[in-house]
Amino acid sequence: MKARIDRARHGVVDSGGERLVFGSPFESAKLNVGDYSGMTNIGGQFPIGEVFTEAQDLEAVNGRVRIFVFGDTSFSVNQPAQPIILVIDKGRVVDAIDTTLEFDQVLANIRADEGEVWLRELGFGMNRAFSATRTVSDIGTYERMCGIHLSLGAKHGVYSKPNIKRKDARHHVDVFAVTEAVYLDDELVYRDGAWQVLQ
């Protein structure tokens, strides 16, 4: 999966009628899969099961995505009655449709501290113990859920961006996309709730 992400020139998350387009190559993907061969540092956060990256050019991310879970202000899994549609323009959340009071508070907190809401991490969760129907309350654990998660807020310590000052980046809120399909370049890599075999 890492090799496929690293060579991709663009990608799409099909969110069941909405499409989020990553019109940029991706940063070198990082692994938390329990295999530390070839890595300088050994260890990772439990549970395992994630490959993550982000667009090299954050402003090349545009479109809409439906999210069915988000991390609320208590760092807990919050599942609204219906998915919230995020509208992304030049890498920033510009609107939230069918939102909730709790999610509005998350966005308000980010805007109060950072001025705008960046979309940063593109996470490929691979732990099949968690799904849209098999959840846990802790958002950090649920982050490994088999499917796509994204982060809201400027904070992402793994990747530096010239237009984001690390000292000003305070928020990293995980949100989980309704994921019908994922494409890297034009290759389908996720469908029917599972990652497809990659060569």
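Fair warning: this is a prediction, and the values are worked out from it, not measured in the lab.

Asker: Can you explain the overall build of the protein? Please cite residues and give values.
Answerer: Helices and strands together make up the secondary structure of the protein, namely three helices and 14 strands. Split into buried and exposed, the 199 residues of the protein put 50% on the buried side. Relative to all contacts within the protein whose residues are 6 or more apart in sequence, the contacts with residues 24 or more apart total 64%. Here the protein has roughly 9,600 Å² of accessible surface; of this, 48% comes from carbon and sulfur atoms.

Asker: Mind laying out the layout of surface pockets, listing which residues take part and the relevant values?
Answerer: Considered as a void within the structure, the second largest pocket measures approximately 260 Å³ in volume. Surrounding the second largest pocket, 13 residues form its lining, Asp72, Phe75, His171, His172 and Val173 being those nearest its centre. Only α2 (101-114) and β11 (173-177) provide two or more residues apiece to the lining of the second largest pocket. Broken down by element, the lining of the second largest pocket gets its largest block of residues, three residues, from α2. Of the residues contributing to the lining of the second largest pocket, the split by class is five nonpolar, five polar and three charged.

Asker: Kindly report on the nonpolar core, identifying the contributing residues and their values.
Answerer: The biggest cluster of nonpolar side chains holds 38 residues, and the ones touching the most others in it are Phe22, Leu86, Phe103 and Leu152. Leave out the neighbours within four places in its chain, and phenylalanine 22 touches His10, Gly11, Val13, Ala55, Ala60, Val61, Leu119, Leu122 and Leu150. Judged by nonpolar contacts, the second largest core, of nine residues, contains Val69, Ile139, Phe176 and Val178.

Asker: For the pairing of strand β12 (residues 181-184), give the residues involved together with the corresponding values.
Answerer: In this sheet, β12 lies alongside strand β1 (residues 11-14) in antiparallel orientation, the contact comprising four bridges. Opposite glycine 11, over in β12, you have leucine 184 as the bridge partner. One ladder, built from four bridges, connects β12 with strand β13 (residues 187-191); its direction is antiparallel. Looking at β13, one finds that tyrosine 183 is bridged to leucine 188. Here β12 hands over to β13 after two residues, with aspartate 185 in that stretch at a positive phi of 55°.

Asker: Help me get a handle on α2, residues and values and all.
Answerer: Taking 1.5 Å of rise per residue, 14 residues should cover 20 Å, and α2 covers 20 Å from first to last C-alpha, within 8% of that figure. Looking only at α2, the buried set comprises Phe103, Val106, Leu107, Ile110 and Glu114. Projected down its long axis, α2 carries its buried residues within an arc of 90°, all on one side. Opposite the buried face of α2, at more than 90 degrees from it, the exposed residues are Leu101 and Ala112. Buried-residue contacts for α2 involve β5 (61-71), β7 (84-89), β8 (92-97), β10 (147-152) and β11. Where α2 terminates, the next one or two residues include glycine 115, which has phi positive at roughly 90°.

Asker: I'd like a rundown of the environment of glycine 140, residues and numbers included.
Answerer: Looking at the secondary structure, you find glycine 140 in helix α3 (residues 139-142). Sequence-wise, glycine 140 and phenylalanine 75 are 65 residues apart; in three dimensions their C-alpha atoms are separated by 8.0 Å.

Asker: Just give me the short version of empty space enclosed by the protein, but keep the residues and values in it.
Answerer: Enumeration over the complete set of coordinates arrives at one cavity of 30 Å³ or more. Estimated volume of the largest cavity: approximately 40 Å³. Around the largest cavity, the lining residues are Gly11, Val12, Val13, Phe22, Phe26, Leu122, Phe124, Ile148, Val182, Tyr183 and Leu184. Of all the secondary structure elements, the ones that give two or more residues to the lining of the largest cavity are β1, β9 (119-125) and β12. Its residues assigned to classes, the lining of the largest cavity shows ten nonpolar, one polar and no charged.

About the thresholds
- Residues numbered from 1 in each chain as written.
- Predicted model: local features only at pLDDT ≥ 70, side-chain atom pairs only at ≥ 80, totals over all residues.
- Heavy atoms only, no water.
- Helix = DSSP H or I, 4+ residues; strand = E, 2+ residues; numbered from the N terminus.
- Buried < 20%, exposed > 50% of the residue type's maximum accessible area, 1.4 Å probe, protein only.
- Contact = heavy atoms within 4.5 Å.
- Areas by Shrake-Rupley, 256 points an atom, 1.4 Å probe, with all protein chains shown as cover.
- 1 Å grid on protein atoms, 1.4 Å probe; cavity = no way out; pocket = protein on both sides within 12 Å on 5 of 7 lines; lining within 4 Å.
- Points joined across faces, edges and corners; volume = space filled by probe spheres on them.
- Nonpolar A, V, L, I, M, F, W, Y, C, P; charged D, E, K, R; others polar.
- Core = buried A, V, L, I, M, F, W, Y, C linked by side-chain atoms within 4.5 Å.
- Pairing = 2+ DSSP bridges.
- Expected span 1.5 Å × (residues − 1).
- Arc of directions from axis to C-beta.

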